[in-house]
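Structure at a glance
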Amino acid sequence: MARTVDDLEQGLAADEWLRPGDVARVLDISKSAVIRMLNAEPPQIRYRYKPGTGRHRECHPEDVRRELVARRQVHGDQ
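Residues numbered from 1 in each chain as written. Predicted model: local features only at pLDDT ≥ 70, side-chain atom pairs only at ≥ 80, totals over all residues. Heavy atoms only, no water.

Glancing now at helix α4 (residues 61–72). With 12 residues, α4 ought to run about 16 Å at 1.5 Å a step, and its terminal C-alpha atoms sit 16 Å apart, in line with that. The set of residues buried in α4 consists of Pro-61, Asp-63, Val-64, Glu-67 and Leu-68. For α4, the buried positions fall inside an angular range of 160 degrees around the axis, keeping them on one side. Turning to α4, the residues buried within the fold contact α1 (5–13), α2 (20–27), α3 (31–39) and β2 (57–59). (Helix = DSSP H or I, 4+ residues; strand = E, 2+ residues; numbered from the N terminus. Expected span 1.5 Å × (residues − 1). Buried < 20%, exposed > 50% of the residue type's maximum accessible area, 1.4 Å probe, protein only. Arc of directions from axis to C-beta. Contact = heavy atoms within 4.5 Å.)

Formed by 14 residues in total, the largest nonpolar core has its most connected members in Leu-18, Val-23, Val-26, Val-34, Ile-45, Cys-59 and Val-64. Only α1, α2, α3 and α4 provide two or more residues apiece to this core. For this core, the element with the most residues is α2, which contributes 4 residues. Ignoring sequence-local partners within four residues, the contact set of Val-34 consists of Pro-20, Val-23, Ala-24, Ile-29 and Cys-59. (Core = buried A, V, L, I, M, F, W, Y, C linked by side-chain atoms within 4.5 Å.)

Right, let's get into α3. Looking at α3, one finds that the buried residues are Ala-33, Val-34, Met-37 and Leu-38. Down the axis of α3, the buried set is contained in an arc of 145 degrees. They therefore lie on one face. Where α3 is buried, its residues contact α2, β1 (47–49), β2 and α4.

Right, let's talk about the packing of α2 against α3 for a bit. Helix-helix packing is characterised by the crossing angle of the two axes and by the distance between the axes. Put simply, α2 and α3 touch, their axes get as near as 8 Å, and they point 110 degrees apart. The orientation of α2 with respect to α3, classified from their angle, is roughly perpendicular. Seen along the crossing, α2 lies across α3 with a hand that is right-handed. Taken together, the residues of α3 that come into contact with α2 (itself represented by Pro-20, Gly-21, Val-23 and Ala-24) are Lys-31, Val-34, Ile-35 and Leu-38. Classifying every residue of the contact of α2 with α3 gives 6 nonpolar, 1 polar and 1 charged. (Axes fitted to C-alpha atoms, helices over the stretch in contact; angles between N-to-C directions. Parallel < 35°, antiparallel > 145°, perpendicular 65-115°, else oblique. Left-handed = near helix turned anticlockwise from the far one by under 90°. Nonpolar A, V, L, I, M, F, W, Y, C, P; charged D, E, K, R; others polar.)

Dropping the structure here:
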């Protein structure tokens, strides 16, 4: 069963590393956009390979939180 956005945000608050698909749900963007962020040079979101899963990546919670704050920022308010 897929986790809700609230569950994923609680995981972020607890410094949980998220999969790219989960990051896409939290940031409300496509998974391919998250993959582009991971593949950028240097990566916009740091990642690690999940132990025991081959090349499945997990995204650094600090970077995901930074992106979430930036996307929720209201521009033009003073």
